[in-house]
Structures are given as structure tokens and as C-alpha cells.
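So you can see what is in the structure, the chains are spelled out below.
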Amino acid sequence: MRYDVAIIGGGAAGLYLASRLSSLGVAVIESGARVGRKLLATGNGRCNLTFLRPLRNDDYNCREAAVFVGRISPDDTLAHFSALGLRTRTEEDRVYPYSLTAASVLDCLRRGAARAGADIFTGARVIAVRKESGGFAVDSLSADGTAKTVSAASVVLATGSDAGFGEDSLSLYTALGHTRRQFSPSLVPLLTDKESVKGLSGVRVRCALRAGDAVEEGEILFRDNGLSGIAAMNVSALYARGKLGRGDALFIDFVPEIPREILEEEFAASNLTVGELLGGYFHTRVAERIAARAGQTLSDVPDGKALAAAVKSYALTLEGVRGKDAAQVMSGGLPLSEFDDDLMSVLCAGAYAVGEALDVDGVCGGFNLQWAWTSAEVVARALLR
Ligand SMILES: Cc1cc2nc3c(=O)[nH]c(=O)nc-3n(C[C@H](O)[C@H](O)[C@H](O)COP(=O)(O)OP(=O)(O)OC[C@H]3O[C@@H](n4cnc5c(N)ncnc54)[C@H](O)[C@@H]3O)c2cc1C
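What you see is a predicted model, and the numbers here were worked out from it, not measured in a lab.

**Q** Kindly report on the sheet that holds strand β3 (residues 50-51), identifying the contributing residues and their values.
**A** An order of β3-β5-β4 is seen for the 3 strands of this open sheet, with the pairing classed as antiparallel. The open sheet has two edge strands with one neighbour each: β3 and β4 (88-91). Strand direction decides the pairing type here: β4 and strand β5 (residues 94-97), joined by 4 bridges, are antiparallel. Residue pairing for β5: Glu91 is matched across the bridge by Arg94.

Below you can see the structure in the form of C-alpha cells.
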């Protein structure tokens, strides 16, 4: 079987790429029984496929990734999806399929790849990429032990990471001479000291979560042993990038829109009890924890200063993050420095990499899928030249 391009991995980046290469002979080789399994799980099944706001410095782990996304932006991506028939809607700068169903994105990519004429082989785990005359031999093995080899002029590693139920297949390229940064979980629930979250498991709040100089506004969900929710997940990216460590303090501001002095005055001037005051703002269990932090009971007369301090700066100690199974993405992968502006290997001509297999990770909000689309588009344009 001889192709122009062999794409290893039928996930977000691999399928997008296949849908762009209609003039080339393309094979997509996917280990799963079906393509795009992870895509179906994105955005709680709704797939937050990209974002519509200017890029910030810390949206990606490295400046180079932001430069690529600046070059091939969400607008370019949405134009391709629109040509494939996908309609979208936007909620607070986050773009979703109009159906609010991730399957719509997957269906549209699958149709796009089929229309482009790609051959899709599922249930075939790639076990080796070998250089051969005129390109590469890609060896795969199916669950029943059947071996298959696909030959192609170019090969693209689109195997993602082992976050969630993914696989770590970077050894396919380290065998070609590439180095790698070990994967570590990012966008993953935080583990904190148990005392700070005691009795709060299952409670959601909109707040600001402060870690060092960074402030993440959004929802957090208290768990038995820590925090999840978008604000907490984004703080975990700082941990993955080495900007935060075990033992560091985190602070929750339960009312980011009200300055501390105003809150102090309100509390001090009130003739309500602590319980009545806090109960007007927060879930009962949150009110109890805040009161305890301020050294008060719910029936006390409010100590304005102490209470405002506990509301605006509720401290927790970071004890780490959960493992890869609970992560949305992994930090780490193949270094961008070993790939050129077309994302072709500088060590092995004709070998490309896209998506999460590269050492690029973004924050919550569609930034990781946008990286998958952008990197796939970069490689598509190079292969079509
Ligand atoms: C629960 C969850 C929710 C998420 N939500 C969002 C979101 O809303 N927005 C967002 O931007 N990002 C989200 N992400 C992250 C996003 O899904 C990934 O960043 C993105 O899918 C990466 O695309 P990829 O193509 O690089 O890898 P993947 O989509 O993971 O695809 C890789 C494919 O390669 C296959 N593969 C691996 N090894 C081999 C091999 N040896 N041989 C053959 N095939 C192989 C895998 O089976 C897989 O199908 C979420 C992730 C998770 C886990």
C-alpha cells in the first residue's frame, strides 16, 4: 500500500489534516476501533472547538505556539469548518458547534476526510516508523495480531498524548532521533489540603482563584481532596509549566467584583448575624467555612474586617494535581525546536508532527483544539505546496 501521506492517529489533528489533502493519496491509521474518540469527550460532550478573543501571553506554554496560532487563526479554522458544513455558536468567546454536540464536529471531519478520498484504517496500532527509499514504512498491528505496512512519501505523527484515555506514542519519533519532554498532566483537578475544602465537596462557585501573580476568574467545583472547574484547571497549567509548586498558597476571592473595603464596610454596618449576611451571598456550606476561617460562628455579630478577609482571600495549600487519567491535556511532547516552520522534522525530512504530540499545551477555552487545527493546517499547506 503506497500513499503520498501516512497520518498516524485519527484524532482532531489527524482528521482535520486528512480533510485538507484532497489532491493527495492519504492513509489515516488509527489504533482505536473508531476515529475521534477523544473529540467526542471534549467540552463535556459539547466540544469547545476554538475561541474568539485576542491571544494572551500565557494562553500557550510557549511563544512559538502562539506565533503559529497567530499565523493560522481561529478565523481561518472556522472558514474550513464552515466549508465542511459545520455551523457554530459562541458563548463568552468560546466557540461550539451549533448543535452543542461534539459528534457534529467529528461527523463533519469524518465526512471531510472521506470526501477528500483518505483511506481510514481503524483498529491498527502503529508500532514503528521506518525510513525507506522514497519515504517511510509505517508498520501497524491490529488487536487480532494482523500486521500491516503502509508506505508513504511523508509521514505525520498525530497521536496526541496519554491525557484521559489517550496513548503515548512518541517513541515512534524518538526512534527517528527526536528528543521528548516527558508528559505531565495539565488542565487537571488540583489537590489541596483537606481542611480547606472540608464539607464543600460538590459545591460550585464563581470566583477568582489567585496563585502567585496569576488570577483565574471562573467556576470552581469543590472536591473531597481539592478543586476542579475551569479556574482550577487553568491554575493546574501553571503547575505543569513549573510556575507553581507543591506547598504554594492559593487564594479564593469569592466576590471578585466587590473591593475588600466596600465589603468590610457593608459587614461592619450590618445589623444581621454572620450567618444571615453570608447566607445572602453564598451556599450554606461555603458560608460556614468562611465564618470558621474568620474565627466566627454563624450566630455571631459580624467582625467586618476578619469576615471580609476570609471572603476575599480564602487560603488553601496546593498539594499537587491529579494524574493523567483526570487530565484534559498533557504538558510535554516533542520539542518545537526540532521542527521547522512547516512542522517538518529538522532531523528527518518528510516526517511531520501535529497536535498534542508536540510540546504545546494551552489553557481551557478551545486553545488545545485550536492548536490541533492550526498545526494540521500548517502541515496541510506544506504538503500541498
Ligand atoms: C475530557 C477532555 C475534554 C477536553 N475538552 C476540550 C475542549 O473543550 N476544548 C479544547 O480545545 N480541548 C479539549 N480537550 C483537549 C483536546 O481534546 C486535545 O488537545 C486534542 O484532542 C488533541 O488532538 P490530537 O489530534 O493531537 O490528539 P487526539 O485527538 O488525542 O488524537 C490522537 C489519536 O491518535 C491515536 N493514536 C495514538 N497512538 C497511536 C498509534 N500508535 N497508532 C495509531 N493511532 C494512535 C489515538 O487513538 C487518537 O485517536 C479535552 C480533552 C479531554 C480529555
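**Q** Go over the sheet that holds strand β12 (residues 204-211) with me, naming the residues and quoting the values.
**A** A barrel is described by the order of its strands in space; here 6 strands give the closed sequence β11-β14-β13-β12-β15-β16, paired in antiparallel fashion. Strand-to-strand twist in this sheet, taken as the mean axis angle between neighbours without regard to direction, amounts to 50°. One ladder, built from 4 bridges, connects strand β15 (residues 249-253) with strand β16 (residues 314-321); its direction is antiparallel. Bridge pairing links Phe251 to Ala315 in β16. Helix α12 (residues 304-312) contacts β15 and β16 of the sheet and is inclined by roughly 110° relative to β15.

**Q** Could you give me a rundown of the domain arrangement of the protein, with the residues and numbers involved?
**A** Assigned domains within the protein: domain 1 (2-185 + 326-384) and domain 2 (190-321). When each unit is reduced to the centre of its C-alpha atoms, the spacing between domain 1 and domain 2 is 38 Å. Counting residues at the interface gives 13 residues for domain 1 and 5 residues for domain 2. As a salt-bridge pair, Arg241 and Asp361 come within 3.3 Å of each other at their nearest N and O atoms. The interface formed by domain 1 and domain 2 includes 3 residue pairs in polar contact (both at pLDDT 80 or more).

**Q** Account for the packing of aromatic side chains, naming residues and giving values.
**A** To describe a pair of aromatic rings, you give the distance between the ring centres and the angle between the ring planes. Counted according to the given criterion, the structure contains 11 aromatic pairs. Look at Tyr3 and Phe121: their rings are 6.5 Å apart centre to centre, the planes differ by 80°, and that puts the pair in the edge-to-face class. Placement of Tyr3 in strand β1 (residues 2-8) and of Phe121 in strand β6 (residues 119-121) is noted, with a sequence separation of 118 residues between them. Relative accessible area serves as the criterion here: at 11%, Tyr3 is assigned to the buried category. Relative accessible area serves as the criterion here: at 17%, Phe121 is assigned to the buried category. Their ring planes at 80° and their centres at 6.4 Å tell us that Phe267 and Tyr281 sit as a pair that is edge-to-face.

**Q** So what about the side chain of Glu30? Which residues, and what values?
**A** Its location among the elements puts Glu30 in the loop between β2 (26-29) and α2 (37-41). The side chain of Glu30 is buried and forms no salt bridge, while Arg125, the nearest opposite charge, is found at 7.5 Å. Apart from the residues within four sequence positions on either side, Glu30 is in contact with Gly9, Gly10, Gly11, Val35, Phe121, Thr122, Gly123 and Ala124.

**Q** How would you sum up the side chain of Asp139? Please name residues and give values.
**A** Take Asp139: it is sitting in strand β8 (residues 135-142). According to the relative accessible area criterion, Asp139 is buried, its value standing at 14%. Of note is the side chain of Asp139, whose polar atom sits 2.8 Å from the side chain of Arg130. Excluding residues that lie within four positions of it along the chain, Asp139 makes contacts with Arg125, Val126, Ile127, Ala128, Arg130, Lys148 and Thr149.

Calculation rules
- Along every chain, residues carry numbers that run from 1 in the direction the sequence is written.
- Reporting of local features is limited, given that this is a predicted model, to residues whose pLDDT is at least 70; pairs of side-chain atoms are given and counted only at 80 or more, and all residues count toward the totals for whole chains, interfaces and linings.
- Hydrogens and water are ignored here; the side-chain numbers use all heavy atoms of the structure.
- At least two DSSP bridges between two strands are needed for those strands to be called paired.
- Helix and strand assignments come from DSSP, with helices taken as H or I runs of at least 4 residues and strands as E runs of at least 2, each series counted from the N terminus.
- Note on geometry: axes are lines fitted to C-alpha atoms, helical ones only across the stretch in contact, with angles between N-to-C directions running from 0 to 180 degrees.
- Whether two residues touch is decided by their heavy atoms; if any such pair falls within 4.5 Å, the residues are in contact.
- Each domain's extent was defined by an automatic or database domain assignment.
- Each salt bridge in this description consists of a side-chain nitrogen of Lys or Arg and a carboxyl oxygen of Asp or Glu lying within 4 Å of one another.
- Under the rule applied, a polar contact is a pair of N or O atoms within 3.5 Å (in protein, one hydrogen donor and one hydrogen acceptor; residues adjacent in sequence only if both atoms are side-chain atoms).
- Whether two aromatic rings pair depends on their centres lying within 6.5 Å, for rings of Phe, Tyr and Trp, where Trp uses its six-membered ring; planes under 30 degrees apart make the pair stacked, over 60 edge-to-face, and the rest tilted.
- Burial classes follow relative accessibility: with a 1.4 Å probe on protein chains only, a residue under 20% of its type's maximum area counts as buried, one over 50% as exposed, and anything between as partly exposed.
- Think of it this way: Lys and Arg go in the positive column, Asp and Glu in the negative one, and His and the chain ends go nowhere.

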